[in-house]
Amino acid sequence: MKHNKINKIPLKQLTFFKVGFLFLLINGFIVNAQSISKVQDLNFGDFIPYGQGGTLSVSPDGIRNFTGEIIPKSIFTPASFNLYVAAGKTVKMTYDNNLTLKGNHGGIITFIPADSSPTGNGLIITGLSPTRITFGGTLNIGSNTANPVGLYSGFLVVSITVNN
């Protein structure tokens, strides 16, 4: 009986990639509005930073961009809400322009929010009810040392004022 020769395959060095997650919860407070309902949370999806990191953005329109040494890996979504108010009302959204997200294994990522207002200043004129409000933003992601693998999260508080 003849034995087949078994070739040894040398082990290749495995490269470790960091995968980060971001779940951003947005809470809305409404003044003079009938109601608001969440449609979906802002989610940047999984991503792999390497080297010195870079930026990862999800626009309010649902377009993802990245710069530097970032590889986006999975599904992403902008946050969206339905605002139920009469047509023709002026809606003003206010929120912090810069937010720090903390990692569950250390590290911080800076988040800069962006809203769906035509001029980006948080001012919307309502149309037919419901009026869809969407949020995106940009993550500034550091090196692997600065941002260890893990879940990064934070809260963005959005105040929505409807003028009569």
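In what follows, the structure referred to is the one given above.
These figures come from a predicted structure and were not determined experimentally.

Reading the values: rules and limits
Residues numbered from 1 in each chain as written. Predicted model: local features only at pLDDT ≥ 70, side-chain atom pairs only at ≥ 80, totals over all residues. Heavy atoms only, no water. Phe/Tyr/Trp six-rings, centres within 6.5 Å; stacked < 30°, edge-to-face > 60°. Helix = DSSP H or I, 4+ residues; strand = E, 2+ residues; numbered from the N terminus. Buried < 20%, exposed > 50% of the residue type's maximum accessible area, 1.4 Å probe, protein only.

Q: Tell me what's going on with the packing of aromatic side chains, and back it up with residues and numbers.
A: Considering all chains together, one arrives at 2 aromatic pairs under this definition. Between the aromatic rings of F44 and F111, the centroid separation amounts to 6.0 Å while the plane-to-plane angle is 80°, which identifies the pairing as edge-to-face. Of the two residues, F44 sits in the loop between strand 3 (42-43) and strand 4 (47-58) while F111 sits in strand 9 (residues 108-115), which places them 67 residues apart along the sequence. Comparing F44 with F111, the two get one shared label, buried. Here the aromatic rings of Y95 and F135 are separated by 5.2 Å at their centres, their planes lie at 80°, and the arrangement is edge-to-face. Separated by 40 residues along the polypeptide, Y95 in the loop between strand 7 (90-94) and strand 8 (99-103) and F135 in strand 11 (residues 131-141) bring together distant segments of the chain. Its relative accessible area of 16% is what places Y95 among the buried residues.

Q: How would you summarise the environment of G154 if you had to cite specific residues and measurements?
A: Along the chain, the position of G154 falls in strand 12 (residues 150-163). When the C-alpha positions of G154 and F111 are compared, they lie 9.1 Å apart, and in sequence the two are 43 residues distant.

Q: Outline the environment of F66, listing residues and values.
A: Summarising the element assignment, F66 is placed in strand 5 (residues 64-72). Separated by 12 residues in sequence, F66 and G54 place their C-alpha atoms 7.3 Å apart.

In short, geometric facts, not functional conclusions.
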